[in-house]
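Residues per chain, in single letters:
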Amino acid sequence: MDIKAFGQLTDIFKKEIISIEGVKDINELKEKLIKSFPALSQKSFVIAVNKQIIHNNVLLNEDAEVALLPPFSGG
Amino acid sequence: MNENERYQRQVSLKEFGEKGQQKLRKAKVFIAGAGGLGCPALLYLAASGVGCIGIADDDFVSLNNLHRQVLFSTEDIGKPKVFVAKNKINQLNPEVNIVGYQERLTNLNALNILKDYDVIIDGTDNFPVKYMLNDACVLLDKPLIYGAVSKFEGQVGILNVADEQKIKCNYRDLFPQPPTEQILNCSEEGVLGTLTGIIGAMQANETIKLLTGIGVPLINQLLIYNSLNNQSYTIEITENKKAYQMPLDEEEFIKMDYDWLCLPGKNIQVIDATEFRKMLLETDALFIDVREQDEKPVVSFNHEKIPFSQFENGMENINQNRIVLFCQTGKRSLQAAQMLLKDGAKDKNIYSLKDGILSLQD
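Definitions and cut-offs
- Residues numbered from 1 in each chain as written.
- Chains lettered and ligands numbered in written order.
- Predicted model: local features only at pLDDT ≥ 70, side-chain atom pairs only at ≥ 80, totals over all residues.
- Buried ≥ 20, exposed ≤ 12 C-beta atoms within 10 Å, placed from the backbone.
- Helix = DSSP H or I, 4+ residues; strand = E, 2+ residues; numbered from the N terminus.
- Pairing = 2+ DSSP bridges.
- Domains from an automatic or database assignment.
- Contact = placed C-beta atoms within 7 Å.
- Nonpolar A, V, L, I, M, F, W, Y, C, P; charged D, E, K, R; others polar.
- Axes fitted to C-alpha atoms, helices over the stretch in contact; angles between N-to-C directions.
- Parallel < 35°, antiparallel > 145°, perpendicular 65-115°, else oblique.
- Left-handed = near helix turned anticlockwise from the far one by under 90°.
- Core = buried A, V, L, I, M, F, W, Y, C linked by C-beta atoms within 7 Å.
- Expected span 1.5 Å × (residues − 1).

To continue, consider the pairing of strand β1 (residues 2-5) of chain A. All names here are of chain A. Only one face of β1 is buried: it carries I3 and A5, and the other face, with D2 and K4, is open. Note that β1 and strand β2 (residues 17-19) share three bridges and pair antiparallel. Among the inter-strand pairings, I3 is bridged to a residue of β2, identified as I18. Examined bridge by bridge, β1 and strand β5 (residues 66-69) share three bridges and lie parallel to one another. Paired with K4 across the two strands is A67, which belongs to β5.

Shown next as structure tokens:
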């Protein structure tokens, strides 16, 4: 499934979209992401699934659209 | 000068019309910050004929502001931003009543200033003010037109306005806790003036839509715009009330220390039942029940008891570096976590169980 990153998270992924296979839910996804990109564990972000912010662990379909959104402070 | 002529090009839009113009004339809009976002928002709202615009900023114009803060000229360097803004807007549209507050907006003056306005625009550039402004808008029940930028991307959305399902989300529903890491702002990481121009103009546009009732405003939505590839991505913000503690009234709000709250390096993590169970297997984490003595259910894993009513004294004896707090519903444990941090436990990892012990039961 495709994971879309925003803001400074793209510096960690080195691109805007990365692909991760074989994760069944958000907790698994977080674990796998942090294993592949340890710097992510130091970053604040929220997760959107199919363009909706989620706060709990939810199951992920293979075609789910996942986005990682960091807070911005500039103005 | 014929008033109709000034606004003729927008009044002739049939969706907007004379009715829309009247609504703008009656509106009172407040802009927090006359910076990269505040300047374009102020220019467009004043030009469009918003009746009264309040603007607060305690800063002075400097040379490195000018590439993005398009309200100011080279000759304005060193002058108070609010003073210059007021003069420039008077020249642009003398029909607008500009109220300048040449002061820093804080939790001590915010409620008093904001209460007179219909819509609040976030043109601030740091987290302490963003959280403070959000909480003030929630307490006063005012719409907040949020905006922020980071490098080539911008975020914009409308907060604290009920959608069709009567749901009202605020900034804390999106980002419940301030970031624990250092996040750079425009002066530190740089920004193109065109991006703050685009986002500030979008905030003005959303304000006009909200005030006149046209189109589909970004209520409970966050739009992220990337100025390098012109992609935009809009997501729905959903309620997350259990993940944060808000000041509940004016008294609590005034006691808040937003600079401290947003200090990088602090660390409270709100964890769910799955993560909690995983941590039970770790040997170095200390679990603390902050419920009062007689509260049920009794738990069977290893833990200490420091009832919330005695937490202030009891926390002195905590020496571990990984501390997991829990209570019945997740509220007191989060408060206790904040007390621990405030007491100087900045180098510790502090966890609070979301939804409390009840979430472990299913």
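Following the structure, the description resumes.
Residue and element names in this part refer to chain B. Partitioning chain B into domains gives domain 1 (3-243) and domain 2 (267-360). Taken together, the contact between domain 1 and domain 2 spans four residues of the former and six residues of the latter. Residues that form the side of domain 1 that touches domain 2 fall into these classes: one nonpolar, two polar and one charged.

Bringing the environment of P71 of chain A into the picture now. Locating P71 of chain A in the fold gives a position in the segment after β5. In this structure the C-alpha to C-alpha distance between P71 of chain A and G7 of chain A, which are 64 residues apart in sequence, comes to 8.3 Å. The residues contacting P71 of chain A, other than those within four sequence positions of it, are S44 of chain A together with F175, P179 and I183 of chain B.

With 21 residues of chain A in contact, the opposing surface of chain B contributes 36 residues. For the side of chain A that touches chain B, the secondary-structure elements that each account for two or more residues are β3 (46-49) and β4 (52-54) of chain A. Looking at the side of chain A that touches chain B residue by residue, the class counts come to seven nonpolar, twelve polar and two charged.

Residues and elements named next belong to chain B. With parallel pairing, the five strands of this open sheet are ordered in space as β9-β13-β12-β10-β11. Each edge of the open sheet is held by one strand with a lone partner, namely β9 (268-271) and β11 (304-305). One ladder, built from two bridges, connects strand β10 (residues 285-289) with β11; its direction is parallel. Looking at the pairing, D289 lines up with K305 of β11. The strands touched by helix α14 (residues 331-342) are β9, β12 (322-326) and β13 (349-353); relative to β13, the strand with the most contacts, the crossing angle is about 165°.

To continue, consider helix α3 (residues 38-47) of chain B. Residue and element names in this part refer to chain B. Extensive coverage of α3 is indicated by the burial of eight of its ten residues. All buried positions along α3 are accounted for by G38, C39, P40, A41, L42, L43, L45 and A46. Looking at the buried side of α3, the elements it contacts are β1 (28-32), β2 (52-56), α4 (81-92), β4 (119-122) and α9 (193-212). Directly beyond the C-terminal end of α3, a positive phi value near 95° is found at G49.

What follows deals with the packing of α3 of chain B against α4 of chain B. Residues and elements named next belong to chain B. Across the interface, α3 lies against α4 with an axial gap of 10 Å and an inter-helix angle of 30°. When the axis of α3 is compared with that of α4, the two are roughly parallel. For α3 against α4, the interelement crossing comes out right-handed. Mapping the contact onto sequence places L42, A46 and A47 in α3 and A85, I89 and L92 in α4.

Our next topic: the nonpolar core. Residues and elements named next belong to chain B. Among the nonpolar cores identified, the biggest contains 90 residues, and V29, L42, I53 and I120 are the most heavily contacted of them. Per-element tally for this core: the top contributor is helix α6 (residues 127-140), with eight residues. Once residues within four sequence positions are removed from consideration, L42 is found in contact with I31, A34, I53, I55, L71, A85 and I89.

All names here are of chain B. Here S352 shows up in strand β13. With 268 residues separating them along the chain, S352 and V84 place their C-alpha atoms 48 Å apart. When sequence neighbours within four positions are dropped, the list of residues in contact with S352 reads I268, V270, L325, G330, S333, L334 and A337.

With that out of the way, let us pick up α14 of chain B. Residues and elements named next belong to chain B. With twelve residues, α14 extends 17 Å from end C-alpha to end C-alpha; this agrees with the ideal 16 Å at 1.5 Å per step. Looking only at α14, the buried set comprises R332, S333, L334, A336, A337 and L340. Its buried side turned inward, α14 meets β9, α13 (311-314), β12 and β13. Where α14 terminates, the next one or two residues include G344, which has phi positive at roughly 110°.

Residues and elements named next belong to chain B. For the pair helix α2 (residues 17-26) and α9, the least separation of the axes is 9 Å and the interaxial angle reads 105°. Comparing the axis directions of α2 and α9 gives the class roughly perpendicular. For the pair α2 and α9, the contacting residues are G20, K23 and L24 in the first and I208, L211 and T212 in the second.

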